[in-house]
Amino acid sequence: LSDSEKQIERLKVIFEDRGDDISFTPILSTIHEGFVDHSTKSCFFTDHQIFDRFHKYTLKSDRARSGKLALSLKELSSIEVGDFIVHIDHGVGRFAGLLRTNVNGRIQEMIKLTYQNDDIIFVSIHSLHKLSKYRGKEGVPPKINKLGTGTWNRIKEKTKSKLKDIARDLIKLYAARKNETGYSFSPDGYMQQELEASFIYEDTPDQLTTTAAVKADMESSRPMDRLICGDVGFGKTEIAIRAAFKAATDGKQTAVLVPTTVLAYQHYHTFKDRLKDFPVRVDYLSRARTPKQVKQIIADLAEGKIDILIGTHKLIGKDVKFKDLGLLVVDEEQKFGVAVKEKLKQMKVNVDTLTMSATPIPRTLQFSLMGARDLSAITTPPANRYPIVTSVNALNDDILLEAINFEMSRNGQVFIVNHRIEGLYDLEAMVRRLVPDARTVVGHGQMAPDKLEKVIIDFANHDYDILLATTIIESGIDMPNVNTIIINNAQNFGLSELHQLRGRVGRSNRKAFCYLLVPPHIPLSPVSRRRLQAIESFSDLGSGIHIAMQDLDIRGAGNLLGAEQSGFIADLGYETYQKILKEAVVELRTEEFSDVLTADDNDEKEYVADCVIESDMELLLPSSYVPQESERIILYKELDSIEREIDLQAFKERLVDRFGKIPPETAELLRVPRLRRLARQLGIEKVSLKQERMYLYFVDESNKAYYQSPMFGKIINFMQQNARRCNIRENNNRRSISIAMVTTVEAAVDILSTIQSMDAI
């Protein structure tokens, strides 16, 4: 019995290799442990017992908790009357509530927005994705726009042309990357499968897809440049180990670049333990190594005797020469300065590169969003993990005593972090006074490297109960027995720093605690207060990406793509800026660079960034079904942002579960996301369902790539086969067709599905 087909396959191969004539019945599901049934003469084995792997169990409470993240996201985007709202077409206004209106004799729900001079616009519930809460620099209210003056469009166009200049360079870089040839790694061999199957935990779905994407990149002839964005403790290192091993089996060397000595040592042990049964040599370079060791490592590296070398920025020193470098892994890229990144660029001209980060800096994230890099996000937490209980308190004896005593009572260990070295010894004295039997040790970056290394090893071996350290423990330290972290003077740390530090605990199936301590009787600055509120409220698993967004929010997204962009974000709000950025990239790809993107890109290409749906049908959540107005807005907003069919099904199930049987007008409303998705894939900018006809509006003529694409060919084919129902029209270089006898959204979805399944003319 096994949850994984890989493990069943692995058993078959082992029996074949050994020449054992053993037949067994594989069952793709598992139980806690195997047993023997004497009455039926059967033996039941589980793969996790045979291979000594960690067994993932599922509890109802786990499933209940997995829905919790969506709730915090809803709270994040909830809108209240009086809030500043950005409409992508009209600019910044204020939210004035949800209203019911009569359109062609049918009831519709609309969102009311007010602008300068008390001007009002009503927004259909099918266009809520065009609205976003205004998020600019903290404490600076936005300027409310005036309707009908064109100012907003001018700001948008100016921003778009500026973004196009930047994106143009990135797309050229992307095109150059596509034309470059790197080394194509060979497909997985039996050793690769053995390594992956020996991972003691069950791979999460995101880990599986990311591993597959990394291996596909390595096997292609184009040099890989992939960013893996995954929360702390979500298994990024395991993916790096698999990639490094794949390189080693082809005789290529791997360089793993890390920001700190402690992390280099930690990674060295992790890689070594995972690869101990394989013919691979792993070593590390950092200031903890003696000059004699460094000399020997550099000599062995040049001769090709070392397969995987892990190190701090010593790795990019002049005297370090690789015999045949095939893969570069950069961990926690945000920690490296510009000079190091420039040297990396020279190093990685034709080398496959894998970058890993829990809270990527905005620019790194942006590069990936714009297609100059491939992005993989790992958002599913490993099994049996709990969110970390986070609280902000003033520093006092009671808090320290309670936190340390509780952790020691369950035989655990504690990290205490201070931002300055000189405060560590005062804290140690305080801890010794409060908890005399606690074994304490201090570690920081100014200690001799060998002494620091010994401190870390001894603490990992549980020779001490409490490690007092600076932020050197921030990146990558994996000590499952440490489940309480106390951060002193938390107001002096950055948001992503706090998130990373908190990620050092809660790495097993125990409940973990993070105490953020601030000095008593000293008022905090508004920015520090917001930072601490953000870290306290985002304690859910996988919230690293939201933390990065909050960080952007608090600092003001000044240097998103260079200093000169900051003014635009203040005018537009961050989410609108993102939408315009996406539009700019889509326009560049379809107009200027349609020849750059090869056929495989065109298959996936979308010719429009958005599709507007208009209708005179009764599509809404009746007040008799969902009585609360605020709840209806949240549900409309959530429904309007759904992209995938699986999410739509989950949304439906939640509605039935909470409010009962779905009424007909809501059932029709639930088909709108599917209609929009199909329309967007077919290159349709607007769908109007009025007076029993469907009108489809296409992009303007400047988008030549679209009118030569297979998508447009399918639409022409449909029109020829249904000539009586269809009319084609042209107005101001905009083409549209109308299709008669479309009385429901369901009928509209059927028509677009039919078009999509047709052959192109």
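Heads up: the structure comes first, above all this text.
Rules and cut-offs
Residues numbered from 1 in each chain as written. Predicted model: local features only at pLDDT ≥ 70, side-chain atom pairs only at ≥ 80, totals over all residues. Heavy atoms only, no water. Pairing = 2+ DSSP bridges. Helix = DSSP H or I, 4+ residues; strand = E, 2+ residues; numbered from the N terminus. Axes fitted to C-alpha atoms, helices over the stretch in contact; angles between N-to-C directions. Contact = heavy atoms within 4.5 Å. Buried < 20%, exposed > 50% of the residue type's maximum accessible area, 1.4 Å probe, protein only. Patch = residues over 30% accessible without salt bridge, like charges linked within 9 Å, V, L, I, M, F, W, Y side chains within 5 Å. Areas by Shrake-Rupley, 256 points an atom, 1.4 Å probe, with all protein chains shown as cover. Salt bridge = Lys/Arg side-chain N within 4 Å of Asp/Glu carboxyl O. Lys, Arg positive; Asp, Glu negative; His and termini not counted. Charge placed at Lys NZ, Arg CZ, Asp CG, Glu CD. Parallel < 35°, antiparallel > 145°, perpendicular 65-115°, else oblique. Left-handed = near helix turned anticlockwise from the far one by under 90°.

## Description of the sheet that holds strand β11 (residues 308-311)
Read across the open sheet, the 7 strands follow the order β10-β11-β9-β12-β13-β8-β14; overall the sheet is parallel. The open sheet terminates on both sides in strands that have one partner only, identified here as β10 (282-285) and β14 (374-378). On average, each strand axis in the sheet is inclined to that of its neighbour by 20°, with strand direction left out of account. With 5 bridges connecting them, strand β8 (residues 225-230) and β14 associate as parallel partners. Bridging across to β14, Gly230 finds its partner in Ile378. Helix α8 (residues 236-249) contacts β8, β9 (253-257), β11, β12 (325-331), β13 (352-357) and β14 of the sheet and is inclined by roughly 165° relative to β13.

## Quick look at unusual backbone geometry
One non-glycine residue, His462, lies in the positive phi region at around 65°. On the secondary structure map, His462 appears in the loop between α15 (449-460) and β18 (466-469). With a phi close to 65°, Glu692 is a non-glycine residue in the positive phi region. Along the chain, Glu692 falls in the loop between β22 (684-690) and β23 (693-700). Owing to a relative accessible area of 52%, Glu692 belongs among the exposed residues under this scheme.

## A word on a negative patch on the surface
On the surface, a cluster of negative charge is contributed by Glu5, Glu9, Glu16 and Asp17. Along the chain, Glu9 turns up in helix α1 (residues 5-18). Take Glu9: its relative accessible area is 44%, and that puts it in the partly exposed class.

## A look at a nonpolar patch on the surface
Residues Leu99, Ile120 and Phe122 make up a contiguous nonpolar surface patch of roughly 250 Å² in combined accessible area. Mapped onto the fold, Ile120 is located in strand β6 (residues 120-124).

## Looking at the packing of helix α25 (residues 672-681) against helix α28 (residues 745-757)
Running from N to C, α25 and α28 cross one another at 30°; their axes reach a closest spacing of 9 Å. With respect to each other, α25 and α28 are oriented roughly parallel. The way α25 lies across α28 gives a crossing that is left-handed. Residues Val672, Arg674, Leu675, Leu678, Ala679 and Gln681 of α25 pack against Val745, Ala748, Val749, Leu752, Ser753 and Gln756 of α28.

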